[in-house]
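Spelled out from the first residue to the last, the chains are:
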Amino acid sequence: MSRHPLLAAFLLVAIAVGCDSSGSPGENNDDDDDNDNGGGVASTYAQVDDVAKMIYDAVEASEDVSPHIEAVLEAFGVPVLALDDVAGAQARIDAGLPFVTTLVVTRMAEAYAGGSLVDAKGFAEGLVEQNVGLAFPYNQGGQDLDEDFLGGLLYVYNIAGPTEPDVPLNDGYVLPALVWTLGQERARRINPNFVDPTWGDGRLDPLQFTLLSFTIFGKPAAPARTSLLPGASGLDTFVTFQTNPAADFIKDKIKDQIKDKVEGEITSAVQELVEVPLDKKDAAKVSVCGSLILYGHKISMTNTPDLLWRAPLTPNFTQIDLTLTFEDDYYDGWARAVLGSAVTDLTGCAFPRKGPIEGKGIEWSVSSALESQGSFDVTQPSTDEFGRAVATWRTFRDEIPQACQVFDKQRDAVGATEAVVSGLLPGWSTVETIVTFLNPNTGGQGNAPLTVLYYEVTTNDPCHNE
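Residues numbered from 1 in each chain as written. Predicted model: local features only at pLDDT ≥ 70, side-chain atom pairs only at ≥ 80, totals over all residues. Heavy atoms only, no water.

*Asks:* Summarise the overall build of the protein; cite the residues concerned and give the values.
*Replies:* In terms of regular secondary structure, the protein is built from 12 helices and 16 strands. In the protein, of all internal contacts separated by at least 6 residues, the share reaching a separation of at least 24 is 76%. Of the roughly 19,700 Å² of accessible surface on the protein, a fraction of 52% belongs to carbon and sulfur atoms. (Helix = DSSP H or I, 4+ residues; strand = E, 2+ residues; numbered from the N terminus. Contact = heavy atoms within 4.5 Å. Areas by Shrake-Rupley, 256 points an atom, 1.4 Å probe, with all protein chains shown as cover.)

Below you can see the structure in the form of structure tokens.
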């Protein structure tokens, strides 16, 4: 595609952003001396950036990020409903408003721990598959909705943030700011030498996916925050994960810290640039079902063995076993009660049955630290009837004299085997779940740590002649 339409569209966005700021991004700030959101002052870029750091600090420390997820969703007016609150879920859907359940929060936290990310390109293509397009005048000149436009949009909305971190953000900009900073923060931690200014690493974590879905499919006419609907749960009603008072205190403290920094609306400025050809009820179903289905899947991987040598030393190959299951029993119960016949329509709410998932495509890979150490020789392209797939990976061969094989010349390459699993979302066939090595401290739910030992010897090392 020509870059001219894309540049023209970005120019229109930049002009709109500039006009919206009215010369001062903090136009709605009546108290420049107080950035505490408890006083009703808009969030700043610095505060949003702090939240992104807080979340990925917790991921790196192998902590449960469910309170972080709950707090962020609460801050954008999205309630966390108990799984048995069918009336509350129905009321939100009827109003065209998103929600999550306590179980979805748990699954999203597990996805963070397991390093499950979504491909940004597939996400954008999935939106087009749902007939989401650009609104006038951004669709002029042949510009389509794609990952370049969406990523560029996030960048344009945040371009002034790093240089003006303490200026309050405009209404509707907090959500795209958080989505953008999460990607930038993750990319900096994984590969500080390459951080894309748009998506960061071309991927979306669970909060990025959920917030973008909710805001894109939220109908502008639907209020972001509502009084309690008949039969609905209150926004402050949650099922706690533990009954330990000390643990609950820590979780409440995390929530308070995040909500003190971030406050916004789920109906963000992003909605001004897209058109969704669904009524508010079906649009709400798409966004809700996306997170329910995507994060209900579990990908498990193991390497046997997980410690290898460069050949001809042994062991020099590993068998990788992958299992794909759907963990939640939505099909006949909750989903049909909440959505009725819509569980099988084209709005993306066709829930799989609980258990193994067959026929999903797999692309196998290893993390960058292992790419120069070996290669795959057998790969199963999709999951079988038991939700399983197998691959083998072999190390490359080194010809190292015995005299050179000493401890002080021994090195290791530490990484993981990884997989991309596609086709998990009905109606979003292009969305791929990428299982990657986010946390070096744990294998997580879907990546398998792997270490390769080898000897580093120069050609003129005296040991060659011994």
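*Asks:* Could you give me a rundown of the pairing of strand E11 (residues 362-366), with the residues and numbers involved?
*Replies:* Judged by which residues are buried, E11 turns out to be one-sided: Ile 362, Trp 364 and Val 366 face inward and are buried, whereas Glu 363 and Ser 365, on the alternate face, are not. Relative to strand E14 (residues 410-422), E11 is paired through 5 bridges, and the arrangement is antiparallel. Residue Glu 363 lies in a different strand from E14, and its bridge partner there is Val 420. (Buried < 20%, exposed > 50% of the residue type's maximum accessible area, 1.4 Å probe, protein only. Pairing = 2+ DSSP bridges.)

*Asks:* An account of the state of the cysteines is needed here, citing residue identities and associated values.
*Replies:* Note on terminology: a disulfide is the covalent bond linking the sulfur atoms of two cysteines. By the definition in use, this model includes 1 disulfide. Here Cys 404 engages in a disulfide with Cys 463; their sulfurs sit 1.9 Å apart. Sign of the S-S torsion, about 100 degrees for the bond between Cys 404 and Cys 463, identifies this disulfide as right-handed. Placement of Cys 404 in the loop between strand E13 (388-395) and E14 and of Cys 463 in the segment after strand E16 (448-455) is noted, with a sequence separation of 59 residues between them. (Disulfide = S-S within 2.5 Å.)

*Asks:* An account of helix H4 (residues 86-94) is requested, with residue identities and associated values reported.
*Replies:* Taken residue by residue, H4 has Gly 88, Ala 89, Ala 91, Arg 92 and Ile 93 as its buried positions. Of the surrounding elements, those touching the buried residues of H4 are strand E1 (80-81), helix H11 (280-294) and helix H12 (330-339). Two residues or fewer past H4, Gly 96 is found with a positive phi of approximately 75 degrees.

*Asks:* Can you break down the pattern of salt bridges residue by residue, with the values?
*Replies:* Tallied over the full model, the rule gives 19 salt bridges. The shortest N-O distance in the salt bridge between Asp 201 and Arg 186 comes to 2.8 Å. Placement of the pair is Asp 201 in the loop between helix H8 (174-190) and strand E5 (203-204) and Arg 186 in helix H8, with a sequence separation of 15 residues. Relative accessible area serves as the criterion here: at 25%, Asp 201 is assigned to the partly exposed category. (Salt bridge = Lys/Arg side-chain N within 4 Å of Asp/Glu carboxyl O.)

*Asks:* A description of helix H6 (residues 120-129) should follow, citing residues and the corresponding values.
*Replies:* Those residues of H6 that sit buried are Ala 120, Gly 122, Phe 123, Ala 124, Gly 126 and Leu 127. Phi for Asn 131, located one or two positions after H6, is positive at around 65 degrees.

*Asks:* Give a detailed account of unusual backbone geometry, specifying residues and quantitative values.
*Replies:* Cis geometry is found at the peptide bond from Thr 304 to Pro 305, where omega equals -5 degrees. Topologically, Pro 305 is positioned in the loop between strand E7 (297-304) and strand E8 (307-309). Residue Pro 312 is reached from Ala 311 by a cis peptide bond, and omega for that bond is 10 degrees. Relative to the helices and strands, Pro 312 is located in the loop between E8 and strand E9 (317-326). Even without a glycine there, the phi angle at Ser 62 is positive, about 60 degrees. Here Ser 62 shows up in the loop between helix H2 (45-60) and helix H3 (66-75). By relative accessible area, Ser 62 is classed as partly exposed at 45%.

*Asks:* Explain the packing of aromatic side chains residue by residue, including any values.
*Replies:* Summed over the entire model, instances satisfying the criterion amount to 9 aromatic pairs. In textbook terms, an aromatic cluster arises when at least three aromatic residues are bridged by ring pairs, as seen for Tyr 45, Tyr 155 and Trp 180. The positively charged end of Arg 394 is found above the aromatic ring belonging to Phe 317, 4.4 Å away from the centroid. (Phe/Tyr/Trp six-rings, centres within 6.5 Å; stacked < 30°, edge-to-face > 60°. Lys NZ or Arg CZ within 6 Å of the ring centre and 35° of its normal.)

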